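A structural walkthrough
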Amino acid sequence: MSRRAAGVILIAISAFLTGVKYLTASIYSTSSPNSVYGADSFKQWLDYVGGNLTTFSIIALIAGIIYLILAEIYDFDKR
């Protein structure tokens, strides 16, 4: 697998993890029988999900960007 493909896959994983965080918060909010819907309520459910998904998403994004930059640098050096 090339560095470009690895970088794109890591960026896709980052986007997937970010989406999963919001999807999980929305599933939690609808599973509560007496929850109030709104922006403040959704922020509460996002806090309930935690920060691990955000952390892993940022790590995957940074690693993907590094892989893409390295692929461009190595490609430039070959020319």
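Refer to the structure above for everything that follows.
Anyway, here's the lowdown on the structure attached to this text. (Residues numbered from 1 in each chain as written. Predicted model: local features only at pLDDT ≥ 70, side-chain atom pairs only at ≥ 80, totals over all residues. Heavy atoms only, no water.)

**Observations regarding the overall build of the protein chain**
The line we're drawing: Helix numbering and strand numbering both begin at the N terminus, where a helix is a DSSP run of H or I of at least 4 residues and a strand a DSSP run of E of at least 2. Atoms considered for the radius of gyration are the C-alpha atoms alone. The globule rule reads 2.2 Å times the number of residues to the power 0.38. Throughout, exposure labels follow a simple rule: accessible area from a 1.4 Å probe, protein chains only, divided by the maximum for the residue type, with under 20% read as buried, over 50% as exposed, and the rest as partly exposed. Pairs of residues are marked as contacts when any of their non-hydrogen atoms sit within 4.5 Å. Surface exposure here means Shrake-Rupley accessible area, sampled with a 1.4 Å probe, where a residue is shielded only by the protein chains that are shown. Neither His nor the chain termini are counted; the positive set is Lys and Arg, and the negative set is Asp and Glu. Every charge is mapped onto a representative atom, which is NZ of Lys, CZ of Arg, CG of Asp or CD of Glu.
Along the backbone of the protein chain there are three helices and zero strands. What you see in the protein chain, going N to C, is helices and strands ordered as α-α-α. At 18 Å, the protein chain has a C-alpha radius of gyration far larger than the 12 Å of a compact globule built from 79 residues. In terms of principal-axis extent, the alpha carbons of the protein chain reach across some 65 × 15 × 15 Å. Residue burial in the protein chain is summarised as follows: out of 79 residues, 20% are buried. Taking contacts inside the protein chain between residues at least 6 apart in sequence as the whole, the part at least 24 apart equals 72%. Per element, the accessible surface of the protein chain, about 5800 Å² overall, is 67% carbon and sulfur. Averaging the positions of the 6 positive and the 5 negative side-chain charges in the protein chain gives two centres separated by 6 Å.

**A short note on the packing of aromatic side chains**
Here a ring pair, both rings aromatic, is described through the centre-centre distance and the interplanar angle of the planes. Here is the rule: Stacked, tilted and edge-to-face are the three classes assigned to paired rings of Phe, Tyr and Trp, where Trp is represented by its six-membered ring and a pair needs centres within 6.5 Å; plane angles under 30 degrees give stacked, over 60 edge-to-face, the rest tilted. In this analysis the charged atom, NZ for Lys or CZ for Arg, is taken to sit over a ring once it is within 6 Å of the ring centre and within 35 degrees of the ring normal.
Here the structure, examined in full by the defined rule, presents four aromatic pairs. A centroid spacing of 6.3 Å and a plane angle of 15° characterise the contact between Y22 and F42, whose relative ring orientation is stacked. You can see Y22 sitting in helix α1 (residues 3-31) and its partner F42 sitting in helix α2 (residues 39-49), a full 20 residues away along the chain. For the pair Y28 and W45, a centre-to-centre distance of 6.4 Å together with 45° between the ring planes defines the contact as tilted. In this pair, Y28 sits in helix α1 while W45 sits in helix α2, placing the two residues 17 residues apart along the sequence. Judged by its relative accessible area of 33%, Y28 is partly exposed. With relative accessibility at 16%, the residue W45 sits in the buried group. Here the aromatic cluster, defined as three or more aromatic residues joined through ring pairs, consists of Y28, W45 and Y48. For K21, the ring lying beneath its charged end belongs to Y22, and the centroid distance is 6.0 Å.

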